[in-house]
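Below, each chain spelled out in residue letters.
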Amino acid sequence: MVWTEGVGTYDYVRQSVERSSSTRRRPVAWTGAGRQVGCAVLRLTAPSGDAPGRFVRRVFWVKEHDRSEQPNGTYKTTAPSEAVDPRTVAPGIWGEPTERAWGGPLVSE
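The structure displayed is predicted, hence computed values, not measured ones.

J.: Can you explain the pairing of strand β4 (residues 55-62)? Please cite residues and give values.
T.: Most of β4 sits inside the fold, with seven of its eight residues counted as buried. Pairing of strand β2 (residues 13-21) with β4 involves six bridges; the strand directions are antiparallel. Counted as the bridge partner of V17 is R58 from β4. As judged from the four bridges shared by strand β3 (residues 35-39) and β4, these two strands associate in the antiparallel manner. When the sheet's bridge partners are listed, Q36 is paired in β4 with W61.

J.: Give me the lowdown on the confidence of the model for the protein, citing residues and values where you can.
T.: Chain-level statistics for the protein give a pLDDT mean of 90 and a share of 98% at 70 or above. Strand β5 (residues 83-84) holds the highest mean pLDDT among the elements of the protein, 97, whereas β2 holds the lowest, 90.

J.: Kindly report on the sheet that holds strand β1 (residues 2-3), identifying the contributing residues and their values.
T.: Strand order in the open sheet made by the five strands is β1-β3-β4-β2-β5, with antiparallel pairing throughout. On the outer flanks of this sheet lie β1 and β5, each paired with one strand and no other.

J.: Report on the nonpolar core, specifying residues and quantitative values.
T.: V7, Y10, V13, V37, F60, V62, V84 and V89 form the largest nonpolar core, which has eight residues in total. Setting aside residues no more than four positions away along its own chain, V84 makes contact with D11, Y12, V13, Q15, V89, G95, E96, P97 and A101. Listed in part, the five residues of the second largest apolar core include Y12, A79, A83 and A101.

J.: Give a detailed account of the pattern of salt bridges, specifying residues and quantitative values.
T.: For the coordinates displayed, the defined rule picks out seven salt bridges. Notably, a salt bridge pairs R35 with E5, separated by 2.5 Å at the nearest N-O pair. Taken together, the residues R35 in strand β3 and E5 in the loop between β1 and β2 connect sequence positions 30 residues apart. For D85, the salt bridge goes to R87, with nearest N and O atoms at 3.0 Å. For D85, a relative accessible area of 5% gives the class buried. On the accessibility criterion, R87 (41% relative accessible area) is partly exposed. Connected through salt bridges with shared partners, the residues E5, R35 and E69 form a single ionic network.

Rules used in this analysis
- Residues numbered from 1 in each chain as written.
- Predicted model: local features only at pLDDT ≥ 70, side-chain atom pairs only at ≥ 80, totals over all residues.
- Heavy atoms only, no water.
- Buried < 20%, exposed > 50% of the residue type's maximum accessible area, 1.4 Å probe, protein only.
- Helix = DSSP H or I, 4+ residues; strand = E, 2+ residues; numbered from the N terminus.
- Pairing = 2+ DSSP bridges.
- pLDDT = per-residue confidence, 0-100.
- Core = buried A, V, L, I, M, F, W, Y, C linked by side-chain atoms within 4.5 Å.
- Contact = heavy atoms within 4.5 Å.
- Salt bridge = Lys/Arg side-chain N within 4 Å of Asp/Glu carboxyl O.

Right under this line is the structure:
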């Protein structure tokens, strides 16, 4: 994992998958909405994805209306569907939503 910003105070970050990264270790080129705050770093021996020389990488990002940017805004007591608690992110481990990330109790199905 490489965090390009300090996310220690963030309740959540958004987690997405970039399927066509041309690098295993350098930062992922980000063209999505919002601001990238981190990305997964692959082992040097990680295999290519569907296309030779292209790798599947996780990217972590925030939007201008997320709780970290606007604490009393849209996501004051909820979170976007792709939100994960950055404290649950680790190499090879997908981030998880937590009550802290969600802004309240999680609904169990």
